[in-house]
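Below, each chain spelled out in residue letters.
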Amino acid sequence: MAVIGAGNVGCALAGDLALRGVEVRLYNRSPQRLETIETAGGISLCGEVEGFAPLGSVTDSLAAAISGAAVVAVTVPTASLPHYASALLEATTPAQLIWLNPGHTGGALYLAERARASGHGERTICQLTTASHVSRLTGPATVRVFLRPRSSVAALPARDVDSCHQRLDALLPGLFGRAESILEADLMNINAVLHPPGMVCNAGWIEATGGDFGFYVAGNGRAVARVIDGIDRERLALAHRLGVPAVPFPELFHRLGFTPDGQPHAHGAYDAIQHSELIRPLRSPPTLDHRYLHEDVGWGLVPWMHLAAAAHSPAPTITSLVHLAEAINGVDYARDGLTLTAMGLADKTPDDIRAQVGAKTAEPAHAHAGL
């Protein structure tokens, strides 16, 4: 098993798998990041996963990490995929499973298009709807795992979803469900629903305090939660236009495990977030120059915005947040984020898009005039 990226998710995943007896090679492009892990001999985990996990190897050589690994888990921020794609495709073979953990919105489509355009041929790529471990590094070689969400796995090509699920279930038994298609997984990107409103609407608070507040619970009062609800309505409408299954944010939040069983049904984002004791301790990013905007706007809201335009699905809240994030950070996310062209979906109709990802035939859009 190769784990690419020694951040929050990468260290939690590598440690969890090593504790289960899997031989793990952990890669990071910065050798300085690996020094403490190498000196310690592994990773210490606490929280939902407990123990000290010796690793098979730590390396700053991507080829050495990947060579011979049955599964290659890519845990780097999805927005950094362009920096890794060429080397990743060069180092892997068609027999290896590339596991985007997670793929957020469009990760698998982007990598598949890069493989096609560069002549590397078809790869088996799967992605999760959210990361396998909600975790935070508490030191260079220590990580706290708050939750292993009940995520779903989707695959490209779609026909491989059962074999992909089987291979991941052998590593982390019982943790993952199945999504019908990559498109369904792309529209279950909970970070794109949650993070941009919290960052944009709390921009002044973040700058004034250096993020010294609870990002999710304190930072998502009723006004911010109404913005989240606005994004969610547009996400659900887009899913309908594209003919793929989707559930409202409170239900998705609960299914992933962020709110406990037996809790009264949440009627919107505010109720769902305020009832989540799990995320209450998590602090805000200290700066607006952060992946909660770079990744969750550029590789979350931006592809949704472009897909909405292709599907003629109104998305005013999503579009407004993209433009506000651009003004805040001085970044042209609409141009530099994940476009339809980069996903291999330019000039395609909703039917074309469904066919490309292997989604089932959808009902005609006019069958539900209310959406």
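Every value quoted in this text rests on a predicted model; they were computed, and no experiment measured them. (Residues numbered from 1 in each chain as written. Predicted model: local features only at pLDDT ≥ 70, side-chain atom pairs only at ≥ 80, totals over all residues. Heavy atoms only, no water.)

**Side note on the sheet that holds strand β2 (residues 25-27)**
Step number 1: Strand order in the open sheet formed by eight strands is β5-β2-β1-β6-β7-β8-β11-β12, with mixed pairing between adjacent strands. Pairing within the sheet leaves two strands with one partner each, and these edge strands are β5 (57-59) and β12 (177-178).
Step number 2: Bridge count between strand β7 (residues 97-100) and strand β8 (residues 124-128): four bridges; the pairing is parallel. In the strand pairing of β8, Ile98 is matched with Ile125.
Step number 3: With respect to the sheet, helix α1 (residues 8-19) is in contact with β1 (2-4), β2, β6 (71-74) and β7, its orientation differing from that of β1 by roughly 165°.
Step number 4: Lying over the sheet, helix α6 (residues 161-171) contacts β6, β7, β8, β11 (152-156) and β12, oriented at roughly 135° with respect to β11. (Pairing = 2+ DSSP bridges. Helix = DSSP H or I, 4+ residues; strand = E, 2+ residues; numbered from the N terminus. Contact = heavy atoms within 4.5 Å. Axes fitted to C-alpha atoms, helices over the stretch in contact; angles between N-to-C directions.)

**Examining the side chain of Arg235**
Step number 1: Examined against the element boundaries, Arg235 turns out to sit in helix α10 (residues 222-242).
Step number 2: Engagement of the side chain of Arg235 in a polar contact is seen with the backbone oxygen of Val247, the distance being 2.6 Å. (Polar contact = N/O pair within 3.5 Å; in protein donor to acceptor, adjacent residues only side chain to side chain.)

**A word on the layout of surface pockets**
Step number 1: Taken as a whole, the largest pocket spans an internal volume of roughly 680 Å³.
Step number 2: Along the walls of the largest pocket sit 35 residues, with Asn8, Val9, Arg136, Arg291 and Glu295 positioned nearest its centre.
Step number 3: Mapped by element, the contributors of at least two residues to the lining of the largest pocket are α1, β9 (134-139), α8 (190-201) and α13 (291-311).
Step number 4: Its residues assigned to classes, the lining of the largest pocket shows 17 nonpolar, 14 polar and four charged.
Step number 5: Taken as a whole, the second largest pocket spans an internal volume of roughly 370 Å³.
Step number 6: In this structure, the second largest pocket is lined by 18 residues; those nearest its centre are Ala112, Glu122, Leu156, Pro157 and Gln356.
Step number 7: Going through the elements one at a time, α5 (107-117) and α16 (350-357) are the ones with two or more residues in the lining of the second largest pocket.
Step number 8: With five residues, the top contributor of residues to the lining of the second largest pocket is α5.
Step number 9: Of the residues contributing to the lining of the second largest pocket, the split by class is nine nonpolar, four polar and five charged. (1 Å grid on protein atoms, 1.4 Å probe; cavity = no way out; pocket = protein on both sides within 12 Å on 5 of 7 lines; lining within 4 Å. Points joined across faces, edges and corners; volume = space filled by probe spheres on them. Nonpolar A, V, L, I, M, F, W, Y, C, P; charged D, E, K, R; others polar.)

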